[in-house]
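Structural description and commentary
Take a look at the letters that make up each chain.
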Amino acid sequence: MNVKNYTFLALFLLIGLLGKAQDCVLDIGGEHYKTIESAFQLNAAQKQKLESLRAAFAVEARLINEEAEKLFDTHPQSTPEELTVLGQKYNVIKQKLLDVTIKYDKKLLSSFNEKQKERYHNLCKEAARRPLVVK
């Protein structure tokens with residue numbers, strides 16, 4: 001292979017790695033939940049469901065955040081190795097929070113009508129995100 005081919009291959013691999021789509025979360029527990037109401041034109045029942053899901057999410061998220069605080073307060077942080085282990089443990093906690101976010105987003109998405117689902121998919125596509133699959 002010549003330099004041109006190596007450059008093309010490297011660029012192709014880089015684009016492939018960067019192009020890996022992230023999940024398209026609504027983040028119903030976030031501060032912009034009113035945007036969800038307006039963007040998807042939620043009806044009264046869906047708004048009520050959103051509020052109850054937000055409350056349930058808040059309870060789970062608080063427990064996960066407390067777990068993270070406890071980790072930072074108690075885990076040794078004196079050496080690079082200890083910091084590496086801390087970072088790995090924190091990544092597990094961050095993934096838990098993302099999993100809970102996705103769980104509650106899917107519950108709201110399951111209440112969407114076809115038009116709302118289509119809007120969700122279109123917005124995800126525009127944001128280059130992978131829509132959540134609701135079973």
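Please refer to the structure higher up on the page.
I will try to describe carefully the structure that is included in this document. (Residues numbered from 1 in each chain as written. Predicted model: local features only at pLDDT ≥ 70, side-chain atom pairs only at ≥ 80, totals over all residues. Heavy atoms only, no water.)

Focus: the packing of helix α3 (residues 44-74) against helix α4 (residues 80-109)
Threshold: Where helices are involved, their axes are fitted lines through C-alpha atoms of the stretch in contact, as for all axes, and angles between N-to-C directions lie from 0 to 180°. Starting at the N terminus, helices and strands are each numbered in turn, a helix being any DSSP run of H or I of at least four residues and a strand any DSSP run of E of at least two. If an angle is under 35 degrees, it is roughly parallel; if it is over 145, roughly antiparallel; if it lies from 65 to 115, roughly perpendicular; otherwise it is oblique. Throughout this entry, Asp, Glu, Lys and Arg are counted as charged residues, while Ala, Val, Leu, Ile, Met, Phe, Trp, Tyr, Cys and Pro are counted as nonpolar. The remaining residues, Gly among them, count as polar.
Closest axis-to-axis distance for the α3/α4 pair is 9 Å, and the angle between their directions is 175°. By the angle between their axes, α3 is roughly antiparallel relative to α4. A breakdown of the residues in the contact of α3 with α4 according to their chemical character gives 16 nonpolar, three polar and seven charged.

Details of the packing of aromatic side chains
Put simply, the rule is: Two rings belonging to Phe, Tyr or Trp (six-membered ring only in the last case) form a pair when the distance between their centres is within 6.5 Å. Interplanar angles under 30 degrees mark stacking, angles over 60 mark edge-to-face geometry, and anything in between is tilted. Three exposure classes are used, based on accessible area relative to the maximum for each residue type with a 1.4 Å probe and protein chains only: buried under 20%, partly exposed in between, and exposed over 50%.
In this structure the tally under the stated criterion is three aromatic pairs. On the basis of an interplanar angle of 80° and a centroid distance of 6.1 Å, the ring pair of Phe-57 and Tyr-104 is categorised as edge-to-face. Remark: Tyr-104 occurs in helix α4 and Phe-57 occurs in helix α3; sequence separation between them is 47 residues. Each member of the pair, Phe-57 as well as Tyr-104, carries the same accessibility label: buried. Between the aromatic rings of Phe-72 and Tyr-90, the centroid separation amounts to 5.1 Å while the plane-to-plane angle is 45°, which identifies the pairing as tilted. Taken as a pair, Phe-72 in helix α3 and Tyr-90 in helix α4 lie far apart in primary sequence, 18 residues in all.

Here's the deal with the nonpolar core
Selection rule: Grouping buried Ala, Val, Leu, Ile, Met, Phe, Trp, Tyr and Cys residues that are joined through side-chain atoms within 4.5 Å yields what is termed a nonpolar core. In this description, contact between two residues means that some pair of their heavy atoms is separated by no more than 4.5 Å.
Ranked by size, the top nonpolar core spans 25 residues in total, and within it Leu-26, Ile-28, Ile-36, Phe-40, Leu-108, Phe-112 and Tyr-120 carry the most contacts. Counting residues per element, the ones that place at least two in this core are α2 (33-39), α3, α4 and α5 (114-126). Setting aside residues up to four positions removed in sequence, Tyr-120 forms contacts with Cys-24, Leu-26, Phe-40, Leu-109, Phe-112, Pro-131 and Leu-132.

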